[in-house]
Amino acid sequence: MPSKLKKKAFIIPTVVVTKNNEARLDGAAVFDYKNQLAGFLNSDETSGLNYITGKAKGGYISASIDHDQFAFDLQRAKSSIKADVTDKNHIHFTVSIDASGIVAESLQTIDFTDPAQMAKVEKAVGKQIKRLTGEAIKKLQDDLNTDALGLGDYLQRNHYDLWQSIKSNWDRGENYFAKSTITVKTHVNVKSSGTVIESKFK
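The text that follows walks through the structure, step by step, so that each part is easy to find. (Residues numbered from 1 in each chain as written. Predicted model: local features only at pLDDT ≥ 70, side-chain atom pairs only at ≥ 80, totals over all residues. Heavy atoms only, no water.)

Side note on the packing of aromatic side chains
Within the structure shown, the criterion is met by 5 aromatic pairs. When the centroid spacing of 6.4 Å and the interplanar angle of 75 degrees are considered together, the rings of Phe-93 and Tyr-154 count as edge-to-face. Residue Phe-93 is found in strand E6 (residues 92–106), and its partner Tyr-154 is found in helix H3 (residues 151–158); the two are separated by 61 residues along the sequence. Exposure remark for Phe-93: the relative accessible area of 0% places this residue in the buried category. On the basis of relative accessible area, Tyr-154 is assigned to the buried category, the value being 10%. Measuring from centroid to centroid gives 6.2 Å for Phe-93 and Trp-170, while their planes differ by 75 degrees, and the two rings are edge-to-face. Here the residue Phe-93 occupies a position in strand E6, and Trp-170 occupies one in the loop between helix H4 (160–166) and helix H5 (176–179), the gap between them amounting to 77 residues. Take Trp-170: its relative accessible area is 2%, and that puts it in the buried class. Between Arg-172 and the ring centre of Tyr-33, over which it is positioned, the NZ or CZ distance is 3.6 Å. (Phe/Tyr/Trp six-rings, centres within 6.5 Å; stacked < 30°, edge-to-face > 60°. Helix = DSSP H or I, 4+ residues; strand = E, 2+ residues; numbered from the N terminus. Buried < 20%, exposed > 50% of the residue type's maximum accessible area, 1.4 Å probe, protein only. Lys NZ or Arg CZ within 6 Å of the ring centre and 35° of its normal.)

Quick look at the structure:
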């Protein structure tokens, strides 16, 4: 627990014990601006939150092309945020996520020299990132009404005057956070040291 708690939401990773008595991280506990427990995020929702906050540190994303699954090994991800604050009752955030990595395993042969196939891979990974972030956004806005995404911090840094007028009703009271629209855009770059990944399941 942080030594100096601030009046804003934060998360703490949750630990579960497996059948083999091994501890592993699985999801996160969400605390509101009063530093009280608001609820929990599951593993997918936590991954989505980390993509939005720029804290995704690798891992695998399962995606599919033409109903054949493949595993994308995330090597780097970063995010940036912009906001349209014309109407404080309907603030529109756009989160842009850039991700890069390699295809680690596939049910089909992937030819990295084929632009059309590469576009399918990148689109499929982007779709999964949008699914994960969408689940996190929905849980935080609709169920927990708690801004663990750091969007209030963004407004404080970039739209200070607006923030001063709404901060006491950001994720409480009028809850401008829950009223906000959050759009996620993705750009995925698939890298490979070779040209073809052969299916391991033939």
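We are not done yet, so read on.
What to know about the environment of Ser-165
As for its placement among the helices and strands, Ser-165 is situated in helix H4. Linking Ser-165 and Lys-88, residues 77 residues apart in sequence, is a C-alpha distance of 9.4 Å. Within the local environment of Ser-165, its side chain forms a polar contact with the backbone oxygen of Leu-162, the two atoms lying 2.6 Å apart. (Polar contact = N/O pair within 3.5 Å; in protein donor to acceptor, adjacent residues only side chain to side chain.)

Some words on unusual backbone geometry
Of note in this structure, Asn-35 is not a glycine but carries a positive phi near 65 degrees. Judged by its relative accessible area of 22%, Asn-35 is partly exposed. One non-glycine residue, Asn-175, lies in positive phi territory at about 55 degrees. Relative to the helices and strands, Asn-175 resides in the loop between H4 and H5.

A word on helix H2 (residues 115–144)
Spanning 30 residues, H2 covers 42 Å between terminal C-alpha atoms, matching the ideal 44 Å at 1.5 Å per step. Between a side-chain oxygen at the N-terminus of H2 and the backbone nitrogen of Ala-116 the separation is 3.0 Å; the capping residue is Asp-114. Residue Asn-145 follows H2 closely and has a positive phi angle near 50 degrees. (Expected span 1.5 Å × (residues − 1).)

Comments concerning the side chain of Thr-133
Topologically, Thr-133 is positioned in helix H2. Beyond its immediate stretch of four places on either side in the chain, Thr-133 contacts Gly-48, Tyr-51, Ile-52, Ile-97 and Val-184. (Contact = heavy atoms within 4.5 Å.)

Looking at the side chain of Thr-146
Here Thr-146 shows up in the loop between H2 and H3. On the basis of relative accessibility, which here comes to 2%, the residue Thr-146 falls in the buried class. A distance of 2.7 Å separates the side chain of Thr-146 from the backbone oxygen of Leu-144, its partner in a polar contact. Sequence-distant contacts of Thr-146, defined by excluding residues within four places in its chain, comprise Ala-9, Val-30, Phe-31, Asp-32, Ala-38, Leu-140, Asp-171 and Phe-177.

Brief notes about the sheet that holds strand E4 (residues 59–65)
Strand order in the open sheet formed by 4 strands is E4-E5-E6-E8, and the pairing between neighbours is mixed. With partners counted over all chains shown, the strands left at the sheet margins are E4 and strand E8 (181–190), one partner each. Averaged over all pairs of adjacent strands, the angle between their axes in this sheet comes to 40 degrees, without regard to strand direction. Across 10 bridges, the pairing between E6 and E8 is parallel. Paired with Phe-93 across the strands is Ile-182, a residue of E8. (Pairing = 2+ DSSP bridges. Axes fitted to C-alpha atoms, helices over the stretch in contact; angles between N-to-C directions.)

Focus: H3
Taken residue by residue, H3 has Leu-151, Gly-152, Tyr-154 and Leu-155 as its buried positions. The buried side chains of H3 occupy one side of the element, clustering within an arc of 155 degrees when seen end-on. On its buried side, H3 packs onto strand E5 (68–84), E6, H4, H5 and E8. (Arc of directions from axis to C-beta.)

Structural notes on the pairing of E5
As paired elements, E4 and E5 share 7 bridges and run antiparallel to each other. Looking at E5, one finds that Gly-59 is bridged to Leu-74. Once E4 ends, the chain turns through 2 residues before running back antiparallel as E5, passing Asp-66 with a positive phi of about 50 degrees. As paired strands, E5 and E6 are joined by 14 bridges and run antiparallel to one another. Note on E6: the bridge partner recorded for Ile-81 is Val-95.

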